[in-house]
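# Overview (structure and organization)
Spelled out, the chains give:
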Amino acid sequence: MDFNFTLQQEKFREELREFLTAEVPVEKQEIFGLLTEEQYQFGREINLKLAERKWLAVGWPEEHGGGGKGPIEQGILAEDMGYWRVPKSGSIGLGIVGPAIMVFGTQDQKDQYLPAIAKGEVEYCQGFSEPNVGSDLGSLELRAERDGDEYVLNGSKMFTSYAYHANYMYLLARTDPQAQKHRGISLFIADLKTSGISLTPLPYINGEMAAQTIFDNVRLPLSCLIGEENRGWYHAMTTLDYERSGLWRYANVRRVFDDFVEFCNGSSPDGGQPLAEHPLVRHQLAQRRLGMETWKLLCWNVAWMQSSGAVPNSEASVAFLYGSEERLRFAEMAMEVLGPYATLRNGSPMAPLLGNIEGIHREAMHLHGAGTTEIHRNIIAQRGLGMPR
Amino acid sequence: MDFNFTLQQEKFREELREFLTAEVPVEKQEIFGLLTEEQYQFGREINLKLAERKWLAVGWPEEHGGGGKGPIEQGILAEDMGYWRVPKSGSIGLGIVGPAIMVFGTQDQKDQYLPAIAKGEVEYCQGFSEPNVGSDLGSLELRAERDGDEYVLNGSKMFTSYAYHANYMYLLARTDPQAQKHRGISLFIADLKTSGISLTPLPYINGEMAAQTIFDNVRLPLSCLIGEENRGWYHAMTTLDYERSGLWRYANVRRVFDDFVEFCNGSSPDGGQPLAEHPLVRHQLAQRRLGMETWKLLCWNVAWMQSSGAVPNSEASVAFLYGSEERLRFAEMAMEVLGPYATLRNGSPMAPLLGNIEGIHREAMHLHGAGTTEIHRNIIAQRGLGMPR
Amino acid sequence: MDFGLTEQEEILRHSAREFLEAECPTSLVRQAEESGEGHARELWRKIAGLGWLGISLPEQFGGTGGSLTDQTVLFEEIGRALTPGPLLTSSVLAAQIVLIAGNDDQKTALIPGVISGEVILTLARGDRLETASRDGGLTLSGDSLFVPYAGLATNIICATRPAIRAWPDTTLVLVDPKAAGVTMTSMESIANYPQFLVDFDDVPLPDDSVLGQTAEGMQALDLAVRRATVAQCAETLGRAQKVLEMVVEYAGHRVAFGRPIGTFQAVQHRCADLRVAVDGGRMLTYQAAWKLDQGLTADDEVSMAKAQAGMLSRLATEAGHSIFAGISFTVEHDMQLYSARAKISEANLGDTEYHLDRLAAQMGS
Amino acid sequence: MDFGLTEQEEILRHSAREFLEAECPTSLVRQAEESGEGHARELWRKIAGLGWLGISLPEQFGGTGGSLTDQTVLFEEIGRALTPGPLLTSSVLAAQIVLIAGNDDQKTALIPGVISGEVILTLARGDRLETASRDGGLTLSGDSLFVPYAGLATNIICATRPAIRAWPDTTLVLVDPKAAGVTMTSMESIANYPQFLVDFDDVPLPDDSVLGQTAEGMQALDLAVRRATVAQCAETLGRAQKVLEMVVEYAGHRVAFGRPIGTFQAVQHRCADLRVAVDGGRMLTYQAAWKLDQGLTADDEVSMAKAQAGMLSRLATEAGHSIFAGISFTVEHDMQLYSARAKISEANLGDTEYHLDRLAAQMGS
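Residues numbered from 1 in each chain as written. Chains lettered and ligands numbered in written order. Predicted model: local features only at pLDDT ≥ 70, side-chain atom pairs only at ≥ 80, totals over all residues. Heavy atoms only, no water.

## Section: the domain arrangement of chain A
As a measure of interface size, the accessible area lost when the parts come together is often cited. Residue and element names in this part refer to chain A. Which entries qualify depends on this criterion: Domain start and end points were adopted from an automatic or database domain assignment. Should any heavy atoms of two residues lie within 4.5 Å, those residues are counted as being in contact. Defined in terms of a 1.4 Å probe, buried area is the accessible area two parts forfeit on being brought together, summed over both. Salt bridges are counted wherever a side-chain nitrogen of Lys or Arg sits within 4 Å of a carboxyl oxygen of Asp or Glu. Under the rule applied, a polar contact is a pair of N or O atoms within 3.5 Å (in protein, one hydrogen donor and one hydrogen acceptor; residues adjacent in sequence only if both atoms are side-chain atoms). Residue classes follow a fixed rule: Ala, Val, Leu, Ile, Met, Phe, Trp, Tyr, Cys and Pro count as nonpolar, while Asp, Glu, Lys and Arg count as charged, and any other residue, Gly among them, counts as polar.
The domain architecture assigned to chain A consists of domain 1 (7–89), domain 2 (124–234) and domain 3 (244–384). Each partner contributes to the interface: domain 1 provides seven residues, whereas domain 2 provides five residues. Roughly 500 Å² is buried in total at the junction of domain 1 and domain 2, and carbon and sulfur atoms are behind 51% of that figure. Broken down residue by residue, the surface that domain 1 buries against domain 2 is led by Gly33, Leu35 and Tyr40, which jointly contribute 60%. Linking domain 1 with domain 2 are zero salt bridges, by the criterion used here. The tally of links from domain 1 across to domain 2 stands at one residue pair in polar contact (both at pLDDT 80 or more). Among the residues making up the side of domain 1 that touches domain 2, the classes are represented as two nonpolar, two polar and three charged.

Here it is in structure tokens:
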């Protein structure tokens, strides 16, 4: 057992922190529930600067433009970026698409896509969910029909985060409607400028502008297929387990928690003792401190498994499920402690913590990322514990 | 809406309380987790005295030896007996068997069985569960084969509470193995002295001595069949909903809760302020006060439905489920507040509240009465909310 | 003992539901929200026409003189439909203060207007509102947070304390929101209705401004708050019941893994747990209403109902977002309307913690 | 960063499990419990023979000199098998006090015996134990509650305070349980092992009774308690893991409604939640052990591990009794052995509340 980073890893973290301190002033940090276009663009700039230092894809092999380190370093990056509230961008390319191409892509695809991701030059969105398809991805309906040198795509994708900023969509489409449901699906990368792709705005309650993405006779060259035809579902599931440590999400919430503790230590709304001295608040803060520590360790467990060559599977679900629930517990707790003040949004008089508490509470309603909490529990029970289907 | 009893009902309650005060001294009251034979016998004596006043079956029609009142009065009796911790006996005959016979029994059966129950002279046990059959009663295996003027029973019943005190068992047996599972079951009353019935002791963790009941070629006359042959499962389910207000169970726990609040108000283990003044304890006591109130109202809701002629179904499950979980929440809370002292049993030096806290915690592990908590949730979802199977 | 509704109450429930389903679709709710006013004037007029603003106000002023049970039935429906507008604030909370503390002139001047919808009252509280005597009259200074619908209000009732004495010597005064020295700043929040920081800068008060006796407003305030709290519990109950119906309905037809998600035990059990909480909430809320109607203080009952409503709100919110999943994270889906209101109701009129604390205070030896 | 076990640790785990599965069936556990001693002498001898009583005690006294990680691995297995006997009390908690506070003579006199199993130490605490000087020597008076295994102990370590000064001036003294003036009363509880109320009536103490310096025992006590707490967390973890395996196995073959109950989502999700808690508990417990091994104080880490262990215990108990249902309510079923131990562990060495409070104390500005 070793709960320390190596000296090199510690050094990387220190340098990263210096970089963030210098490059990301407090006023540019993201606020929960309030991602502005300006902040988003700023996040991309930071990515470019990280890429200059080979830090953006620090865990990728150097041949693909990465830093040549491993999952622990990538975890350090995610944790520190999240904690420093750098407006998020680029995570789908870096965390999901890149690893998939490394495993299943051709040399041409690797050359075409990977360095651009590592350099922070492109943004990806993910096209898995559809209007009628959520947790049960195997039932997806968007069709991709082979027509000579092209695939022709028709259908639509739902809940496309980053759609308005992305260059490419990483998507699953049905290539064989006759096959058993998981066996007729393929994985593609689609340039969003391709004719026939259109977006319908789909605003989220956390302030994000997502989209529904419509495919109307969209023609993609064969080179857009990633891996084997009809094996896409299996490819996607394998690589989904890659960047699932969830450290970014953890750290992003942890930062608000730490700010909240500081707030409670310094603030006494009734003019008496600080909030943190109220026995009930004290108790709740300690409970969440324990919850946050547990969440952190479960995330690092996933990163450690990756670094040791293992493929986390139910362990990633453990970390993700725990995180979704802990985030909600914290949001509810903070709401409770601050009373009506907690409901105030950024910009309102008296809004505590820049409105982050109100924002994180909206964010916490996102109980369904990478599958609902029910799906993660199914995975833990069936894959993790071997319980019967 | 009316949350009051009628004047007559209030008068009944007052008289009952006078009776209990006079007849059940504190030292005879039941302690959780510690039902002695002496206490049990005392409970039967009290039943006989109640019966003399026509109070035992106060809600039954007078023609069957009852008091001629209704479910509200029966609820008052259950609540006060539970709160006064009268050692429990006779509840199966009174609450389940009697109502079943009233609905499905012949005149002979009514004459034979009902007055004896109303007089508190007989004790019943229930034979539903079997070694391989718990929640899924429709799968029960104990056979009853018709042989001339008799049924011949073979098989065994599990979890027979009161087996060692009961005169009769109210049981379900399979009379048609060819029929679909719920349609081949019949309802019987078996005299436990019948040759071929034997008991294997099955001690419970709450100190109760239950049994496994073995049937080896047990011959019962046809007159032991209650209702129609092969309709027993439906008969049993209908009548199970009768005495399901759960007021006795509620009040029995409520009494310990009230005693616990008093204890917390008067006791200060560290020599400082009373336990109840500690903000966390205060908070938890208020939460459980709210929980107990909710439990009480949900129980009375069932009694009220019965009194208004409705058949509670999912509502009984709501009350029962809530009660099982509230009892556990209270037991855990009390354990937490009292620390190691809570683990002390009746008779040990320093045991608080006569060991009732330790006892109620063991009792609270009984999360499966009248079906597991899962089954009650299924019933609420499917029958109460009409969700699909 | 009777936990059923009377035939009249059933008719009230039924007609209210029918009316609101027709006249208050969520499109209207969204319009009211987006307008920034949290108010729908046309609907308000119709509601006034139905007599809802006087549901539990005396007949002598044009009210219906109904019981608190009636009011509870109605506010369940109002909550269920997410009905916009200051119904609770003006016609329950503030109107009750006038009714309890005011003199005949004040009642006659205000209550009929509240009932007809032309007068909109709101309440400003907080321990920074101070009245002082000057030149034989009173002046008001200080500020108050979270004042609901202050922008629409024709009159603000201020619960003030005297500048030189300590709480709880509450003096209730009526203030014209257009008076010189009154300024309002909008407080943007999760709430669907506007709330304001209202500042009073040495506002002189006319002679007939005091409601009741100087320094004797606490009791009226308490009683009005108690009645408003019960109405808010009813709203919460109505919303939770509606969320339960929405998820049950959705789970019945949304298919995953080849069958409706409503067949999955995890979904069923979430719904069952919500149902248990709704049933408990209903009993507690009606009990509190009934006790107040009996003229009992019902402190414990109101606190239990409100504390449970807070837990019920959370359960409904979590069940809704879990079962609707992705789609409920979009602005266009109605679930978010319910969860925003759940959260603001939980925080207002004393949050769960506050009411548990009041309850605990009654449990001491 | 490495959360895996070394090959040696894996071997330790494997051999401990194999040994206990063969030598410590639950029939033996029940025998030990029913004997009233909570002890199995034959097993104790074998355990001593395997060196387990010296797992983290120094080699110079005959111990293995292993790390706290080793100790944690071992106590997971000890917990899993419900191993009876004063392993934690004597060989961790009390032995560490001697090791940290004692002088060379005391260590040499006691530690080898602890490791061989011939010496059984226990600890008596509580603020009613007082030492006073008389005739040039010390005497001990007062009583202590919940003293584990006092009936078996060859020596009792008493954490005492001076009769005339206030806590925390702790003086640690060794007491012969057979000395005149020492009386024991059994405290019957949910625990599977005997605990005693031990009364000391003016017990004269020999000159070499004090461990370390008079009034300087607090630090040794703290450090020993911390190590024992980690061992107890490991036991809890082992038990919870075993309960999880038991219910998963049972749910795989117990049939209801025509299929194994393990196919029901409600059962699966209970198991999944327990798995999440077990995983979290494992990380927290090993983190605490590792930090202590690094010579760090690890106050927060120990408190987090213990507080989480309390929650884990409850979850395992509830999952076990829910899934086994009826059968787990019988004495003959093993589940009750696990739930009794879960509850006593939750209460001992500082309950969840106590550790959350310690944690909170570190969070102040």
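Let us keep going from here.
## A few points about the packing of helix H4 (residues 91–104) of chain A against helix H6 (residues 232–240) of chain A
All names here are of chain A. The condition that has to hold: To define axes, lines are fitted to C-alpha atoms, for helices over the stretch in contact only, and angles between the resulting N-to-C directions are given on a 0 to 180 degree scale. Helix and strand assignments come from DSSP, with helices taken as H or I runs of at least 4 residues and strands as E runs of at least 2, each series counted from the N terminus. Should an angle fall under 35 degrees it is called roughly parallel, over 145 degrees roughly antiparallel, and 65 to 115 degrees roughly perpendicular, with every other angle called oblique. For any pair of crossing helices, the crossing counts as left-handed if the nearer helix is rotated counterclockwise from the farther one by less than a right angle, and right-handed if it is rotated clockwise.
Contact pair H4 / H6: the axes reach a minimum separation of 9 Å and the direction vectors enclose 120°. Compared by their axis directions, H4 and H6 come out oblique. In terms of crossing hand, the pair formed by H4 and H6 is right-handed. Residues Ile96, Pro99, Ala100 and Phe104 of H4 lie in contact with H6, whose contacting residues are His235, Thr238, Thr239 and Leu240. Classifying every residue of the contact of H4 with H6 gives five nonpolar, three polar and no charged.

## A word on the domain arrangement of chain C
Residue and element names in this part refer to chain C. Entries for chain C in the domain assignment read domain 1 (7–116), domain 2 (121–216) and domain 3 (219–364). Contacts between the two partners involve 11 residues from domain 2 and, on the opposite side, 10 residues from domain 3. Both sides of the domain 2 and domain 3 interface together cover about 780 Å² of buried area, and 67% of this is carbon and sulfur. Taken as a group, Arg125, Ile190 and Asn192 account for 54% of the area that domain 2 buries against domain 3, more than any other trio of residues on that side. At the boundary of domain 2 with domain 3, the tally comes to zero salt bridges. Here the residues of the side of domain 2 that touches domain 3 are counted per class, giving six nonpolar, three polar and two charged.

## Some remarks on the interface of chain A and chain D
Taken residue by residue, the interface counts 39 residues in chain A and 41 residues in chain D. Buried surface at the junction of chain A and chain D, both sides included, amounts to about 3,900 Å², of which 68% is carbon and sulfur. When the buried area of chain A at its contact with chain D is split by residue, Met1, Phe3 and Leu290 of chain A rank highest and sum to 21% of it. Linking chain A with chain D are four salt bridges. Between arginine 282 of chain A and aspartate 357 of chain D there is a salt bridge, and its shortest N-O distance comes to 3.2 Å. There are 15 residue pairs in polar contact (both at pLDDT 80 or more) connecting chain A and chain D. For the side of chain A that touches chain D, the elements supplying multiple residues, two or more each, are helix H7 (247–266), helix H8 (279–307), helix H9 (314–338) and helix H11 (373–384) of chain A. Take the side of chain A that touches chain D: its biggest share by element is 14 residues, from H8 of chain A.

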